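# A structural walkthrough
Spelled out, the chains give:
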Amino acid sequence: MLYVSLKLITTISLVVVASVWFGSKLVINSRRDLHPIALNGQANVGPTRKEKETAVYRNFTVPPGFPLSTGLGLSMGYKLRNGNFGDIWSNIMSLSAENFVELSGQEYSVKKINAISKCLSKYVVQHSESGRLGIAAPIFELPGFTISIAGLMSSLNDVIPVFLSSVPRSKQELDILAIDSWTTFHQMNGSHKWYKIVIVCNDHSGQPPQTIPPNVVTWKDIVSNQEEDTVFEYEPPKDNSDDTKLLAIVSSPWNLSTSFSHMALVSSVSAFIKSFPMDNELSGKDHLTVVIEEATKYYYPIQVWTKILTTLLHGGSASLLYAEPKQVDLQSCINEKTSLLQIDSSSPLLDSILQSSTAVLQELKLSWALSLLSEGIFTPSALSCSAFHNIRCLFLSTTVLDARAVTAMEMPSRKVQTKAKNSRSTLTLNKLRALIGSRLVVELYSPFMVMGPIACTNFFDYRILPDSVDSRLSHYGPISTSLEAKLVEDEHRPELQSSKRQGMLCIRGFTIGKPVEPERLERALQIVEKFDGGEGWMPMLGVYGLFGKDGCFYEFK
Amino acid sequence: MSFVKNFLFGGVKTSEDPTGLTGEVADNQTAKTEEPIVEGKFFPRTLYKYNGHDDEKIFIAIKGKVFDCSQGRQFYGPSGPYSNFAGHDASRGLATNSFELDTLRHWDQPMDDLSDLTGQDMESLNGWLEHFQNKYPCIGELVPEPGVNI
């Protein structure tokens, strides 16, 4: 009897093992999202390189000789043009039947936002003399959001919105300043006199002064009783001059300003659209949620537009969510319709998902999901919370090691250079994929110099890199389709060799901003000249990394 | 069997190192991939290899400048109308509008100094040079190899 049982158990075990082995050989190869050969060739590499430089790397979808993603490719007679914000917003309005933008937990139809923004834009254009609108109001609230859209609309009429990280402490070239509350107004301590008009966005926050100065108005006073409006008429001029106009200026926390043109916006939008693989494209069903936190609120006022406008352009909806530091979990605050989620890579909200205690069955599911993901097979079977079941892609934004050095065009000090970057390991990223049940894309930003990501990982790249690589490098995937890049040898890191595809990052493309301050612009031109000037390469000072044999960019931690 | 083991006992497959930092080779196929050529000085001997046949890339020299004409494979590649020029100094051929082999120098012969070309030929050659400069990336210069060409 014992012999029969042993025989049976052995037979069953052998059959199970043989079946799984057969499955692993046959099924895995046919179920992979992307073949390892494709993962090992994610970039087009130039055939030649200069001495002390690597070859030029481009995204696999833009081969050498083909133009980078420069815009929307709109027809203008027999020519193609790149487009601008006016084209994007007029097309958004033509698809604005049901989509909305959620701000501070409340949904506002795009038609309503259009009506308010048009009203504000008209007001701004009428009252601005020098053509500068300062925005120091949070964009995740309706007033700040609509003033920002109004500013972008006004940029077509030569009024430039300036996204400020805080209320200016010295007099600046601004006609109109939008601030968040009466509390901020009191803190301005009389500096409201510097401006022609000060717009107080939230008139319920703080006590208004006993006598409101004549140049101070509330947002509500300007936009009162605006109904929905489905129309935003935009007719491009025949000389196509709007495409090259300034879109906005962003001021960094270090008081350095960078300007971006409409070309940067449309290039970035175009690159984002192209980043989605076939059968996973953006659609009207998508709902984008952008989580803004204390650590990231400074750069989102300029970086948020690419994804929001692109989603609205496809008829989808969007949420801008400000997560207070006391917020403990993500599932309780995001809209359950969310299909695309953008969040900072180091967000504690992600830690709460990773650290949540789970039952034995869930642990088992997670283990299986991780095994499958590491083989290149996506599975949402270990989804940890039903609030995430609609999410199909999680965008983890990270910034370069020293964003200040890149923005200031100054080599970082030794102290900063030795500061290690705390990025998540590829195993942790797969855990997030499994627990959220979605694909995950890691994006590398230089938030005050480049609109949109510099590089982002492939939608289907679930590789787990060896610990020796993960501990020294952060994986950011191939360069964005709107940029091309190379690495150059630099005296500050002589150990990095271009022959081993290592060095300091230099980029070229239309999403790069331009320093506003004359002395910084002068310094930038000198530095550009030093690193192969004349060919339009911008060195990202202090950004050291290497290009893998897979064509991906890896930044040293 | 690694997947079976990982699936049953919990574990993940770690990919090979694509960065080369650990000294491991990422993949047999990529390991064989040729590294980009360093732009700079070419000798007729080193240029010859890039004729679209011995090497996929096509380099052509004109008036001492080397251009990467790989994009114009239909013209300069094997079976193309100007395939003779690939991997050579094509100055004399372009100047005299001749595609014959006798307009080209072998890699072990002294370099052509073009001193016997007429003014009209030189004008024509300059026109070609401008055309190549606008169309193809210049990747270096052609210089005589000591002991071989001088």
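Numbering of residues starts from 1 in every chain and runs along the sequence as written. Here every chain gets a letter starting at A, and every ligand a number starting at 1, in the order they are written. Totals for whole chains, interfaces and linings use every residue, but because this is a predicted model, local features are given only for residues with pLDDT of at least 70 and side-chain atom pairs only at 80 or more, for both listing and counting. Calculated side-chain values reflect all of the structure's heavy atoms, with hydrogen atoms and water omitted.

The name an unreviewed UniProt entry assigns to chain B is KLTH0D11836p, from the organism Lachancea thermotolerans. UniProt positions are given in the numbering used here, feature names are shortened, and annotations may be inferred rather than shown by experiment. Check the Sequence similarities (unreviewed entry) section of the UniProt entry for chain B; it says "Belongs to the cytochrome b5 family. MAPR subfamily."

Chain A goes by KLTH0G06688p in an unreviewed UniProt entry, where it is assigned to Lachancea thermotolerans.

Okay, the overall build of chain B next. Regarding its fold elements, chain B presents six helices and five strands. Each helix is a run of DSSP H or I of at least 4 residues and each strand a run of E of at least 2, with the numbering of both proceeding from the N terminus. The order of helices and strands in chain B, counted from the N terminus, is α-α-β-β-α-β-β-α-α-α-β. Note on method: radius of gyration uses C-alpha positions; expected globular size equals 2.2 Å times residues raised to 0.38. Its C-alpha atoms give chain B a radius of gyration of 22 Å, more than 25% over the compact-globule value 15 Å for 150 residues. When each of the 150 residues of chain B is scored for burial, the buried share is 41%. Taken together, the 13 basic and 23 acidic charged side chains of chain B have centroids lying 5 Å from each other. Working definition: with a 1.4 Å probe on protein chains only, accessible area under 20% of the residue-type maximum means buried, over 50% means exposed, and in between means partly exposed. In this tally, Lys and Arg are treated as positive and Asp and Glu as negative; His is ignored, and so are the chain termini. In plain terms, the charge of a residue is placed at NZ if it is Lys, CZ if Arg, CG if Asp and CD if Glu.

Of all hydrophobic cores here, the largest spans 151 residues; its most connected members are W89(A), I199(A), W305(A), L320(A), L330(A), L505(A) and I507(A). In this structure, W89(A) is in contact with V110(A), I113(A), N114(A), I149(A), M153(A), F232(A), L309(A) and L312(A), ignoring residues within four places of it in sequence. Counting residues in each nonpolar core, the second largest holds 18 residues, with I58(B), C69(B), F85(B) and Y136(B) among its members. Take the buried residues of types Ala, Val, Leu, Ile, Met, Phe, Trp, Tyr and Cys, join any two whose side-chain atoms come within 4.5 Å, and each joined set is a nonpolar core. We call two residues contacting when some pair of their heavy atoms lies within 4.5 Å.

What follows covers helix α5 (residues 142-154) of chain A. The end-to-end C-alpha distance of α5(A) is 18 Å, a good match for the 18 Å that 13 residues give at a rise of 1.5 Å each. Here α5(A) lies mainly inside the structure; 13 of its 13 residues are buried. Multiplying 1.5 Å by the helix residue count minus one yields the expected span of that helix.

For interface size, the figure often reported is the accessible area lost on association. Taken residue by residue, the interface counts 31 residues in chain B and 42 residues in chain A. Buried area counts how much accessible surface, traced with a 1.4 Å probe, disappears from two parts once they are put together, with both parts' losses summed. Carbon and sulfur atoms make up 65% of the area that chain B and chain A hide from each other, which totals about 3200 Å². On the chain B side of the interface with chain A, the three residues burying the most area are F3(B), P18(B) and L21(B), jointly 20% of the side's total. Basic side-chain nitrogens of Lys or Arg form a salt bridge, by our definition, when they fall within 4 Å of a carboxyl oxygen of Asp or Glu. Linking chain B with chain A are zero salt bridges. In the analysis that follows, any N or O atom pair within 3.5 Å is treated as a polar contact, provided that within protein one partner can donate a hydrogen and the other can accept it, and provided that, for residues neighboring in sequence, both atoms belong to side chains. Inspection of the chain B/chain A interface yields seven residue pairs in polar contact (both at pLDDT 80 or more). Listing elements by their share of the side of chain B that touches chain A, those giving two or more residues are α1 (2-9), α2 (28-32) and β1 (37-38) of chain B. Ranked by residue count, the leading element in the side of chain B that touches chain A is α1(B), at five residues. Each residue gets one label: Ala, Val, Leu, Ile, Met, Phe, Trp, Tyr, Cys and Pro are nonpolar, Asp, Glu, Lys and Arg are charged, and the others, such as Gly, are polar. Of the residues contributing to the side of chain B that touches chain A, the split by class is 12 nonpolar, 11 polar and eight charged.

This part takes up the sheet that holds strand β1 (residues 43-49) of chain A. Should DSSP find at least two bridges between two strands, the strands are taken to pair. The mixed open sheet is built from eight strands, whose spatial order is β20(A)-β25(A)-β24(A)-β22(A)-β21(A)-β2(A)-β1(A)-β1(B). The two strands at the open ends of the sheet, each matched to only one other strand, are β20 (473-475) of chain A together with β1 of chain B. Bridge count between strand β24 (residues 538-547) of chain A and strand β25 (residues 553-556) of chain A: three bridges; the pairing is antiparallel. By the bridge assignment, F547(A) is partnered in β25(A) with F553(A).

The topology assignment puts Y300(A) in helix α9 (residues 300-313). Sequence separation between Y300(A) and S482(A) is 182 residues, and the spatial gap between their C-alpha atoms is 20 Å.

What follows covers the packing of aromatic side chains. Given two aromatic rings, their pairing is described by the distance between the two centres and the angle made by the two planes. The rule is short: rings of Phe, Tyr and Trp, with Trp giving its six-membered ring, pair when the centres are within 6.5 Å, and they are stacked under 30 degrees, edge-to-face over 60, tilted in between. Considering all chains together, one arrives at 31 aromatic pairs over all chains under this definition. Taking 6.5 Å as the distance between ring centres and 40° as the angle between the ring planes, the aromatic pair formed by F163(A) and W305(A) counts as tilted. Of this pair, F163(A) sits in strand β8 (residues 160-163) while W305(A) sits in helix α9, and the two are 142 residues apart along the sequence. Classification of W305(A) by relative accessible area gives buried; the value is 2%. With a centroid separation of 5.3 Å and 85° between ring planes, the pair formed by F459(A) and F460(A) is classed as edge-to-face. According to the relative accessible area criterion, F459(A) is buried, its value standing at 5%. Aromatic ring contacts, followed pair by pair, group F67(B), F75(B), Y76(B), Y82(B), F85(B), F99(B), W128(B), F132(B) and Y136(B) into a single cluster.

Moving on, we come to the side chain of S319(A). All names here are of chain A. Here S319 lies in strand β15 (residues 317-322). Within polar-contact distance, the side chain of S319 engages the side chain of E102 at 2.6 Å. At a separation of 2.6 Å, a polar atom in the side chain of S319 contacts the side chain of H287. If we skip the residues at most four places from it in the chain, S319 touches E102, H287, L288, T289, V290 and N335.

Residue and element names in this part refer to chain A. Note on definitions: angles span 0 to 180 degrees between N-to-C directions of axes, and those axes are lines fitted to C-alpha atoms, for helices only across the stretch in contact. Two elements in contact, helix α8 (residues 262-274) and α9, have axes separated by 9 Å at closest approach and are oriented at 65°. Here the hand of the crossing between α8 and α9 comes out right-handed. Of the residues in α9, those touching α8 at L265, S268, V269, F272 and I273 are W305, T306, K307, L309, T310 and L313. For the contact of α8 with α9, the per-class residue count stands at seven nonpolar, three polar and one charged. Handedness of a crossing follows from how the near helix is turned relative to the far one, being left-handed for an anticlockwise turn of less than a right angle and right-handed for a clockwise one.

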